[in-house]
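Structural overview
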Amino acid sequence: MSNSGSVCKASEEKEAKYNRLKLFDKVMQKSLERFIQHASFNRFASTFRPLYQKNPQRMESIHKQFIEELRGAIKDDINRLIEEGQLEFKLNELDKLEKTAKNNPDPVWRPSGLPEKDFCSFLMPYYQKQEAYLRLELKKIQAENAAVAQRVRAGRESITQTEHQISTAVEEWKASVTEFERMASSLCPADVFD
């Protein structure tokens, strides 16, 4: 059962590709015929009136030959464009895009007719993503700044404690020097050394 389903899908895909190529060929043939109609015998004869007046049968055979060569040259050009433009590859890509679009449940964007609204609808998601990214970066930077500020406060407290310890040590040193001088002056009077 699944085998017949896959064969059916494969034949549908081949048919779709064939139909696309067939449609393209039909369009090209119709365009070619319209173009050839513009090169009618009457226009051709009026362009080359002196030759037509001399030999109308010869002019008609020249016109037929001209139309045949023109048609052949245009068909060759179309075939060359199909080959050089890789039309079959492009049609396969179109099939893939169509298949992807069928599998994608999201609606496809369509213009609203108001360029400002369309532009905004295109840019707003981008700017919202940028804003979310910048907010995240801002939070990271604020967290880093808070950590740095905490380290600075701890450093300042450490400096304050060190200053306090130094000033205490200096006061103790001054007190001991004063005490030493007082003891030294009590042990030996200053006039002895003079």
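Structure shown above.
The text that follows walks through the structure, step by step, so that each part is easy to find. (Residues numbered from 1 in each chain as written. Predicted model: local features only at pLDDT ≥ 70, side-chain atom pairs only at ≥ 80, totals over all residues. Heavy atoms only, no water.)

**Regarding the overall build of the protein**
What counts is decided by this rule: A helix here means a DSSP run of H or I that spans at least four residues, while a strand means a run of E at least two residues long, and both kinds are numbered starting from the N terminus. Each residue is placed in one exposure class: buried if its accessible area under a 1.4 Å probe, protein chains only, is under 20% of its type's maximum, exposed if it is over 50%, and partly exposed if it falls in between. Working rule for contacts: check all heavy atoms of both residues, and any pair within 4.5 Å makes them a contact. All accessibility values rest on the Shrake-Rupley procedure with a 1.4 Å probe; residue burial counts only the protein chains present in the view.
Scanning the protein from N- to C-terminus turns up seven helices and zero strands. Each helix and strand of the protein, ordered N terminal to C terminal, gives the series α-α-α-α-α-α-α. With 194 residues in all, the protein has 8% of them scored as buried. Relative to all contacts within the protein whose residues are 6 or more apart in sequence, the contacts with residues 24 or more apart total 59%. When the accessible surface of the protein is split by element, carbon and sulfur atoms take 59% of a total near 17200 Å².

**So, the pattern of salt bridges**
Here is the rule: For this document, the term salt bridge refers to a Lys or Arg side-chain nitrogen within 4 Å of an Asp or Glu carboxyl oxygen.
Applying the stated rule across the entire model yields six salt bridges. Note that Asp-77 and Arg-80 form a salt bridge whose closest N and O atoms lie 2.9 Å from each other. With a gap of three residues between them, Asp-77 and Arg-80 both fall in helix 4 (residues 56–84), about one helical turn apart. For Glu-131, the salt bridge is made with Arg-135, and the minimal N-O distance between the two is 2.7 Å. With Glu-131 and Arg-135 both in helix 6 (residues 115–187) and four residues apart, the pair spans about one turn of that helix. Here Glu-131 falls in the partly exposed class, since its relative accessible area comes to 40%.

**What about helix 4?**
Along an α-helix, residues three or four positions apart point the same way, because every turn accommodates 3.6 residues. Going by this rule: Any helix carries an expected span of 1.5 Å times its number of residues minus one.
In this model helix 4 runs 41 Å from its N-terminal to its C-terminal C-alpha over 29 residues, within 8% of the 42 Å that 1.5 Å per residue would give. Within the sequence span of helix 4, burial applies to Met-59, His-63, Ile-67, Ile-74 and Ile-78. Where helix 4 terminates, the next one or two residues include Gln-86, which has phi positive at roughly 50°.

**Digging into the packing of aromatic side chains**
The following threshold applies: Working definition: a ring pair exists when centres of Phe, Tyr or Trp rings (six-membered ring for Trp) sit within 6.5 Å. Plane angles under 30 degrees give stacked, over 60 give edge-to-face, the rest tilted.
Scanning the model with the defined rule gives four aromatic pairs in all. Measuring from ring centre to ring centre gives 5.8 Å for Phe-41 and Tyr-52, while their planes differ by 70°; the resulting arrangement is edge-to-face. Note that Phe-41 is positioned in helix 2 (residues 41–47) and Tyr-52 in helix 3 (residues 49–54), a separation of eleven residues in sequence. The exposure class assigned to Phe-41 is partly exposed, which follows from its relative accessible area of 22%. Aromatic ring contacts, followed pair by pair, group Phe-44, Phe-48 and Phe-66 into a single cluster.

**Some remarks on the nonpolar core**
When a protein is soluble and globular, its nonpolar side chains tend to lie buried together. The condition that has to hold: We call a set of buried residues a nonpolar core when its members are Ala, Val, Leu, Ile, Met, Phe, Trp, Tyr or Cys and they connect through side-chain atoms within 4.5 Å of each other.
In terms of nonpolar packing, the biggest core is built from six residues, these being Leu-32, Ile-36, Ala-39, Ile-67, Ile-74 and Ile-78. Among the elements that line this core, the one with the most residues is helix 4, at three residues.

**So, a positive patch on the surface**
Put simply, the test is: Patch construction takes residues with relative accessible area above 30% that form no salt bridge. Like charges are linked within 9 Å, and nonpolar side chains (Val, Leu, Ile, Met, Phe, Trp, Tyr) are linked within 5 Å. Under the counting rule used here, the positive set is Lys and Arg, the negative set is Asp and Glu, and His together with the chain ends is not counted. Every charge is mapped to an atom, namely NZ of Lys, CZ of Arg, CG of Asp or CD of Glu.
Together, Lys-22, Lys-26, Lys-30 and Arg-34 make up a region of like positive charge exposed at the surface. Residue position: Lys-30 is located in helix 1 (residues 2–38).

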